[in-house]
Amino acid sequence: MGKDLTEVRSSQRKLMPDTVGSEQHEPTSLRGIAEKAKADKQHRFRDLYRELTADYLLRCWPFLNKDAASGVDRIMADDYAKDLHGNIQLLAERLKVKKYRAKLVRRVWIPKENGKERPLGIPALEDKLVQLACAKLLTAIYEQDFLASSYGYRPKRSAKHAVQDLTFDLQYGSYGYIVEADVKGFFDHMDHDWLLKMLSLRIDDRAFLDLIRKWLKAGILETDGTVINPETGTPQGGIVSPILADVYLHFALDLWFEKVVKPQCITEVSRRRYA
């Protein structure tokens with residue numbers, strides 16, 4: 001995570017500034033976290049768990065998809081919102097006294113174009129809200145570290161941006177080969193221990209990391225009623241899963257390519273990663 005790597009930027013496209021939470025609706029704490037992460041690339045955050053207050057959760061509520069399918073609790077957003085402040089106050093209190101427990105993740109199977117199916121995990125409503133709150137905290141930190149070659153699941157970046165930059169490289173660079181690759185079953189096979197070690201490089205907060213561990217280890221309720229206790233992976237469909245995936249790939253793929261692959265290449269080499 002050295003300065004020489006985390007400041008790599010694409011020369012052809014002017015990217016948005018590497019700050020998170022600059023919008024007026026973002027809590028001041030997120031802006032402060034982003035600024036600290038940007039200013040000190042070695043800083044380890046110790047008080048992230050304390051950010052999960054009732055006020056912060058209420059600020060996150062508007063960003064939750066209210067039309068999403070319900071989890072095992074079958075509670076929909078409209079029902080929860082009937083006593084929103086009271087429910088969130090109780091949730092924040094459970095978090096504060098460490099009595100929060102992640103519920104089972106309801107699994108559904110989504111058809112793919114090739115005739116196969118992919119698993120989708122649907123957390124319970126309160127788990128979605130706490131995951132959203134934590135995802136915002138993680139994004140504030142890691143948007144300062146992620147490389148310009150990473151496009152998937154990031155704010156103000158899309159597949160279109162990735163294609164535009166790739167097109168520029170192919171038009172003006174000197175390349176002899178194009179390789180397209182896919183990580184098969186990535187969300188199902190992320191190593192939990194390695195992911196937590198990666199997170200600990202920036203997070204020195206045991207309670208916060210334990211929260212992440214709870215979601216990684218949460219049982220998965222299959223359509224036939226059986227419960228699977230995962231040893232690897234994170235449910236595709238969980239709100240916190242995309243940022244965790246980007247953190248994992250930042251270390252396992254992006255930095256590896258910059259630090260190991262590029263120095264061994266005698267000709268020009270470039271890479272774009274989307275999702």
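The structure we're discussing is the one just above.
Residues numbered from 1 in each chain as written. Predicted model: local features only at pLDDT ≥ 70, side-chain atom pairs only at ≥ 80, totals over all residues. Heavy atoms only, no water.

Draft legend 1. Expanded view of the overall build of the protein. Helices and strands together make up the secondary structure of the protein, namely 11 helices and four strands. For 275 residues, the compact-globule estimate of 2.2 N^0.38 gives 19 Å, and the C-alpha radius of gyration of the protein, at 20 Å, lies within 12% of that figure. Taking the principal axes of the C-alpha coordinates as reference, the protein spans close to 60 × 45 × 30 Å. Across the 275 residues that make up the protein, the buried fraction comes to 44%. Of the roughly 15,300 Å² of accessible surface on the protein, 52% is carried by carbon and sulfur atoms. Side chains of the protein carry 44 positive and 39 negative charges; the gap between the two charge centres is 2 Å. (Helix = DSSP H or I, 4+ residues; strand = E, 2+ residues; numbered from the N terminus. Rg over C-alpha atoms; globule rule 2.2 N^0.38 Å. Buried < 20%, exposed > 50% of the residue type's maximum accessible area, 1.4 Å probe, protein only. Areas by Shrake-Rupley, 256 points an atom, 1.4 Å probe, with all protein chains shown as cover. Lys, Arg positive; Asp, Glu negative; His and termini not counted. Charge placed at Lys NZ, Arg CZ, Asp CG, Glu CD.)

Draft legend 2. Spotlight on the sheet that holds strand β3 (residues 220-221). In space, the four strands of this open sheet follow the order β2-β1-β3-β4, with mixed pairing throughout. Where the open sheet ends on each side, the last strands, each with one partner, are β2 (117-122) and β4 (227-228). Relative to β3, strand β1 (residues 105-111) runs parallel, the two sharing two bridges. The partner of V105 across the bridge, within β3, is I220. (Pairing = 2+ DSSP bridges.)

Draft legend 3. Spatial organisation of the pattern of salt bridges. Applying the stated criterion across every chain yields a total of 16 salt bridges. Between R107 and E222 there is a salt bridge; the shortest N-O distance is 3.0 Å. Here E222 lies in the loop between β3 and β4 and R107 lies in strand β1, a separation of 115 residues in the sequence. Judged by its relative accessible area of 14%, R107 falls in the buried class. Among the residues examined, E222 registers a relative accessible area of 13% and is labelled buried. (Salt bridge = Lys/Arg side-chain N within 4 Å of Asp/Glu carboxyl O.)

Draft legend 4. Spatial organisation of the nonpolar core. L138, L199 and I212 are the most contacted members of the largest nonpolar core, which has 59 residues in total. Looking at which element gives the most residues to this core, the answer is helix α6 (residues 125-142), with 12 residues. With residues up to four places along the chain from it excluded, the contact list for L138 reads L199, I203, F208, I212, V240, I243 and L244. (Core = buried A, V, L, I, M, F, W, Y, C linked by side-chain atoms within 4.5 Å. Contact = heavy atoms within 4.5 Å.)

Draft legend 5. Examining empty space enclosed by the protein more closely. Applying the stated rule across the entire model yields two cavities of 30 Å³ or more. Within this model, the largest cavity holds a volume of roughly 80 Å³. Around the largest cavity sit 13 residues that line it, and V105, P123, Q131, W215 and P235 are the ones nearest its centre. Across the lining of the largest cavity, the residue classes tally to seven nonpolar, four polar and two charged. Estimates place the volume of the second largest cavity at around 50 Å³. Looking at the second largest cavity, the residues that line it are N65, K66, A68, A69, S70, I75, M76, A77, L125 and K128. In the lining of the second largest cavity, the residues fall into six nonpolar, two polar and two charged. (1 Å grid on protein atoms, 1.4 Å probe; cavity = no way out; pocket = protein on both sides within 12 Å on 5 of 7 lines; lining within 4 Å. Points joined across faces, edges and corners; volume = space filled by probe spheres on them. Nonpolar A, V, L, I, M, F, W, Y, C, P; charged D, E, K, R; others polar.)

Draft legend 6. Inspection of the environment of L120 at higher detail. Position of L120 among the secondary structure elements: in strand β2. Residue classification places L120 among the partly exposed residues on the basis of a relative accessible area of 22%. In this structure, the C-alpha to C-alpha distance between L120 and P235, residues 115 residues apart in sequence, is 6.7 Å.

Draft legend 7. Unusual backbone geometry, seen in detail. Residue Y153 is not a glycine yet carries a positive backbone phi of 65°. Following the sequence through the fold, Y153 ends up in the loop between α6 and α7 (159-172). In this structure Y153 comes out as partly exposed when scored by relative accessible area, which is 42%.

Shape is all these values report; function is a separate question.
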